[in-house]
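Listed below, chain by chain, are the residues.
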Amino acid sequence: MAVPVAFFALFFAYPVTAIVGRGLKAEGDWQFGRIGEVLSRPDILDVLWFTTWQALASTALTLLIALPGAYVFARFDFPGKQVLRAVVTVPFVLPTVVVGTAFLALLGRGGLLDELWGVRLDTTVWAILLAHVFFNYAVVVRTVGGLWSQLDPRQEEAARVLGAGRFAAFRRVTLPALAPAVAAAALMVFLFTFTSFGVVQILGGPAYSTLEVEIYRQTAQLLDLPTAAVLTLVQFAAVGAILAVHAATVRRRERALKLVDPAQTSRRPRGAVQWALLGGVLLTALLLILLPLGVLVERSLDGPGGYGFGYYEALQSVGAGGSSTFLVPPLEAVGNSLRYALVATLMALVIGGLAAAALTRRAGRLVRGFDALLMLPLGVSAVTVGFGFLITLDKPPLDLRTSWILVPLAQALVGVPFVVRTMLPVLRAVDDRLREAAAVLGASPLRAWREVDLPLVRRAVLVAAGFAFAVSLGEFGATVFIARPDNPTLPVAVARLLGRSGELNYGQAMALSTILMLVCAVSLLLLERIRTDRSGEF
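Being a predicted model, the structure only gives us computed values, none of them experimental.

As a further point, take the packing of aromatic side chains. Across all of its chains, the model carries 13 aromatic pairs by this definition. Among the aromatic side chains, those forming a connected cluster through ring pairs are F7, F8, F11 and F12.

Okay, structure coming up:
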């Protein structure tokens, strides 16, 4: 636990505490009375209520739509499966401002629905909910599907032989085994929607505001740091309470499971019901995932003179069209993002892997409490974290404001919770008797981990690496404050282009977004191929 604790204390707790302290202090004295004043305001109460219920609705809708997809990816073999698995993960890395714009083109004035049926959904809750499902579909598919593919199907088949119906066998055998993974996926979806920013700001309009949107408004527009600090504390407390309840609930449901090679559980669909389920999942992916992504590609190619690659060519020069947005060609953001994401992924795997291994041992209340604390970076305002980095990591021996490592550190903070939540259900499902047998045969704890745990969790490690790499590529909230002007990341570059007027800037933003989408898809496709090639080693 030493390394994860030190990492989170230094690069999360310290910056967040510092920025909140500045907001609640006036002339050296703490102003705790400000908390009651802020929370009694009707507009703040409305923000709290909307933040909570839209996150619950988004989580329920995501589970309803994505769980069939998790089953299909876990149990069925079909042409293009690896490509589709990578494609459904792409939305997870796209900057929220880009996705909001894409959904606005689909659901807003002059959008696809407006042209076909005269229906507009922008500035409504439905636009926000659909965009949240678009973002988080992959969280459920990959988190739940990763464990589902390793569950022995013969256990459910045995229940059916003994007289249980298909639904009863699933409810009594498979669902209890999947409960920790489902709870972990639901928790991640809830945290992301609870702290939603770009989607709500673009699609919700002025009528809707989450805590994250309000923190940004109070900080950047109204310069009201005390109110922003109070809202950050409220968000922090709410997320902490949710994580504590989740940890207690999941711990009661965990048990050792018999895990098998995923190749043994996957087969081609049989019968009309299974083919219909596969068709439904493919149709969902087409309408929910591919259609918004197709809008990005179409707009990146639709130039003033017709379709072509003019916007992509403009990315290779500085100040194209009279713009002074960048000190370097925007295309350099691609290389910057890949380098930062690789370093952040390595950090997240080391720190998250150590944390997951420690949590597996269940060594007392301290470790169990640390399980919940690891998820806090997903629930704390990225605006707060970014400002905290700037005001705390500016003095020796941690004067990092001019160092390139600052960006991967911020990205790793978001990646570690995904590594932990992906690896932990699988690690805890490993039968302790396997480790005990290895110890009896003379294996050291390290060798027992290498020979027993690692072969069983290698698949989860690769899934975790994919998640960490994806969220690192798309991290925007904190990175926008700390990325240097001469080394922007892709999301920061897209946001800068969208923040400037002009058709060329908008087209370049769509082109960079398309590049980000393709980089993510190719990376995840390579990861899927590695997983498949090594599946026979389990």
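Moving on, there is more to tell.
What follows is about empty space enclosed by the protein. Over the atoms, a rolling probe the size of a water molecule traces out where space has been left empty. Taken as a whole, this structure holds 10 cavities of 30 Å³ or more when the rule is applied. Lining the largest cavity are 13 residues, with I19, T219, L225, A228 and T384 positioned closest to its centre. Going through the elements one at a time, α1 (2-24), α11 (211-221), α12 (225-253) and α18 (382-392) are the ones with two or more residues in the lining of the largest cavity. Of the residues that constitute the lining of the largest cavity, the class distribution is 8 nonpolar, 4 polar and 1 charged. There is about 90 Å³ of room inside the second largest cavity.

Below, the discussion takes up helix α21 (residues 445-474). In this model α21 runs just 37 Å from its N-terminal to its C-terminal C-alpha over 30 residues, more than 12% under the 44 Å that 1.5 Å per residue would give. Considering bend angle alone, the principal kink of α21 is centred on L454 and spans about 60°; proline P455 follows within four residues of it. When you tally the buried positions in α21, you get 21 out of 30 residues, the bulk of the element.

Let us look at a nonpolar patch on the surface. Taken together, the side chains of L112, L116, W117, V119, L283, L286, L287, L290 and L291 present a nonpolar region at the surface, about 850 Å² in accessible area. Of all the secondary structure elements, the ones that give two or more residues to the nonpolar patch are α6 (112-117) and α13 (271-301). Ranked by residue count, the leading element in the nonpolar patch is α13, at 5 residues. By the secondary structure assignment, L291 is in helix α13.

With that settled, the discussion passes to α1. Given a rise of 1.5 Å per residue, 23 residues ought to cover 33 Å, and the 31 Å separating the end C-alpha atoms of α1 matches this to within 8%. Roughly 40° is the biggest bend found in α1, and it falls at A9. Listed as buried for α1 are P4, F7, F8, F11, F12, P15, V16, I19, V20, G21, G23 and L24.

Another point: the packing of α1 against α18. Between α1 and α18, the shortest axis-to-axis distance is 8 Å and the interhelical angle comes to 90°. The pairing of α1 with α18 is recorded here as roughly perpendicular in orientation. Judged by residue contacts, F11, F12, Y14, P15, V16, A18, I19 and R22 of α1 engage T384, V385, F387, G388, F389, I391 and T392 from α18. In terms of residue class, the contact of α1 with α18 is built from 11 nonpolar, 3 polar and 1 charged.

Looking now at the pattern of salt bridges. Pairs can form between side chains of opposite charge once their charged atoms are near each other. The final tally for this structure, using the stated rule, is 3 salt bridges. In this structure, the salt-bridge partner of R41 is D43, at a minimum N-O distance of 3.0 Å. Judged by its relative accessible area of 32%, D43 falls in the partly exposed class. Here K81 ties to D77 by a salt bridge, and the two come within 3.8 Å at their closest N and O atoms. On the accessibility criterion, K81 (11% relative accessible area) is buried.

Criteria and cut-off values
Residues numbered from 1 in each chain as written. Predicted model: local features only at pLDDT ≥ 70, side-chain atom pairs only at ≥ 80, totals over all residues. Heavy atoms only, no water. Phe/Tyr/Trp six-rings, centres within 6.5 Å; stacked < 30°, edge-to-face > 60°. 1 Å grid on protein atoms, 1.4 Å probe; cavity = no way out; pocket = protein on both sides within 12 Å on 5 of 7 lines; lining within 4 Å. Points joined across faces, edges and corners; volume = space filled by probe spheres on them. Helix = DSSP H or I, 4+ residues; strand = E, 2+ residues; numbered from the N terminus. Nonpolar A, V, L, I, M, F, W, Y, C, P; charged D, E, K, R; others polar. Expected span 1.5 Å × (residues − 1). Bend = angle between axes of the 7 residues up to and from the residue. Buried < 20%, exposed > 50% of the residue type's maximum accessible area, 1.4 Å probe, protein only. Patch = residues over 30% accessible without salt bridge, like charges linked within 9 Å, V, L, I, M, F, W, Y side chains within 5 Å. Areas by Shrake-Rupley, 256 points an atom, 1.4 Å probe, with all protein chains shown as cover. Salt bridge = Lys/Arg side-chain N within 4 Å of Asp/Glu carboxyl O. Axes fitted to C-alpha atoms, helices over the stretch in contact; angles between N-to-C directions. Parallel < 35°, antiparallel > 145°, perpendicular 65-115°, else oblique. Contact = heavy atoms within 4.5 Å.

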